[in-house]
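# Structural overview
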Amino acid sequence: MIRTTILFKNNVMPWMNLLLAGILSSSVLVSPVLAQSATSTTKPAAGGTPTRYQPNRFSGRAGAYYGVVWGVDSLSVKAVESGELIRFAWHVLNTDKAAPLNDKKVEPILLAPDAHVKLVIPSFEKVGQLRQTSTPEAGKSYWMAFSNPGRTVKRGDRVDVVIGRFKAEGLVVE
């Protein structure tokens, strides 16, 4: 313990000496206690460190639904070509159930409720539509690309893909 003596000129306020001595001695006694309690707590997580966490594309029940009813899984929506295109991809489990997704007669659309837009698949003279329309095979992945003029749909947005009666809701754009 540190002993502190404070003298005022002519001892005008002797009670002040006692008060100051009490305050200083209590701070000397309290500071080791605070330091000890601070070291015994767990360290906080470092802020700003990168993480590999990615939000779920959709719930487990939704994934099971798409597999059982539509014969597809691994649905993904990604912004590609600097965001000018939005690519929707899926993996085929059952060819009969997944056939409507590759139907040429059906016009697919991508709805972005937050951005208030409806995207369609562009069609070019020499290339045709940016989608695969061949007969699906089990175990293979297929895709289609939606035009995103003005880059209104961005990474992290939730979108819905509608292909005829097929509708995948709440997919997160990667």
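Residues numbered from 1 in each chain as written. Predicted model: local features only at pLDDT ≥ 70, side-chain atom pairs only at ≥ 80, totals over all residues. Heavy atoms only, no water.

## Description of the nonpolar core
By size, the foremost hydrophobic cluster in this structure holds 31 residues, and its most contacted members are Val 72, Leu 75, Ile 86, Phe 88, Trp 90, Phe 146 and Phe 166. By residue number, the principal contributor to this core is strand S2 (residues 85-92), which donates five residues. Ile 86 has contacts with Val 77, Lys 78, Ala 79, Leu 110, Leu 119, Met 144, Ala 145, Phe 146, Asn 148, Val 153 and Val 173, leaving out every residue within four places of it along the chain. (Core = buried A, V, L, I, M, F, W, Y, C linked by side-chain atoms within 4.5 Å. Buried < 20%, exposed > 50% of the residue type's maximum accessible area, 1.4 Å probe, protein only. Helix = DSSP H or I, 4+ residues; strand = E, 2+ residues; numbered from the N terminus. Contact = heavy atoms within 4.5 Å.)

## With respect to the side chain of Asn 102
Turning to its location among the elements, Asn 102 is positioned in the loop between helix H3 (95-98) and strand S3 (109-112). Reaching out from Asn 102, the side chain makes a polar contact with the backbone oxygen of Ser 134 at a distance of 2.9 Å. The contacts of Asn 102, once residues within four sequence positions are left out, are Trp 90, Arg 131, Gln 132, Thr 133, Ser 134, Pro 136 and Tyr 142. (Polar contact = N/O pair within 3.5 Å; in protein donor to acceptor, adjacent residues only side chain to side chain.)

## A short note on the sheet that holds S2
Taking strand neighbours across the sheet as the criterion, the three strands line up as S1-S2-S7 in an open arrangement whose pairing is antiparallel. If you trace the sheet from one side to the other, it starts and ends with strand S1 (72-80) and strand S7 (141-147), each paired once. Taking the axes of each pair of neighbouring strands and ignoring which way they run, one obtains an average angle of 20° across the sheet. Summarising the sheet, S2 and S7 pair through seven bridges and their orientation is antiparallel. (Pairing = 2+ DSSP bridges. Axes fitted to C-alpha atoms, helices over the stretch in contact; angles between N-to-C directions.)

## Observations concerning the confidence of the model for the protein chain
Residues of the protein chain with pLDDT of at least 70 account for 66%, and the chain-wide mean is 78. Model confidence for the protein chain, summarised as mean pLDDT per element, is weakest for helix H1 (residues 14-40) at 52 and strongest for S3 at 95. (pLDDT = per-residue confidence, 0-100.)

## Quick word on the packing of aromatic side chains
Within the structure shown, the criterion is met by six aromatic pairs. Ring centres 5.4 Å apart and planes at 65° place the aromatic pair Tyr 65 and Tyr 66 in the edge-to-face group. With a relative accessible area of 41%, Tyr 65 lands in the partly exposed category. Judged by its relative accessible area of 5%, Tyr 66 falls in the buried class. Centre to centre, the rings of Phe 88 and Phe 166 are 6.5 Å apart; their planes meet at 40°, and the pair counts as tilted. With Phe 88 in strand S2 and Phe 166 in strand S9 (residues 166-172), this residue pair connects regions lying 78 residues apart in the sequence. As far as burial versus exposure is concerned, Phe 88 and Phe 166 are alike and both buried. In textbook terms, an aromatic cluster arises when at least three aromatic residues are bridged by ring pairs, as seen for Tyr 65, Tyr 66, Trp 70, Phe 88, Trp 90, Tyr 142 and Phe 166. (Phe/Tyr/Trp six-rings, centres within 6.5 Å; stacked < 30°, edge-to-face > 60°.)

## A closer look at the pattern of salt bridges
Taken as a whole and assessed by the stated rule, the structure comprises three salt bridges. As a salt-bridge pair, Arg 151 and Glu 84 come within 3.2 Å of each other at their nearest N and O atoms. With Arg 151 in the loop between S7 and strand S8 (158-163) and Glu 84 in the loop between S1 and S2, this pair connects stretches of sequence that are 67 residues apart. For Arg 151, a relative accessible area of 38% corresponds to the partly exposed category. For the salt bridge of Glu 137 with Lys 140, the shortest nitrogen-to-oxygen distance reads 3.4 Å. Looking at Glu 137, the relative accessible area reads 42%, which means it is partly exposed. Under the relative-accessibility criterion, Lys 140 is labelled partly exposed at 41%. (Salt bridge = Lys/Arg side-chain N within 4 Å of Asp/Glu carboxyl O.)

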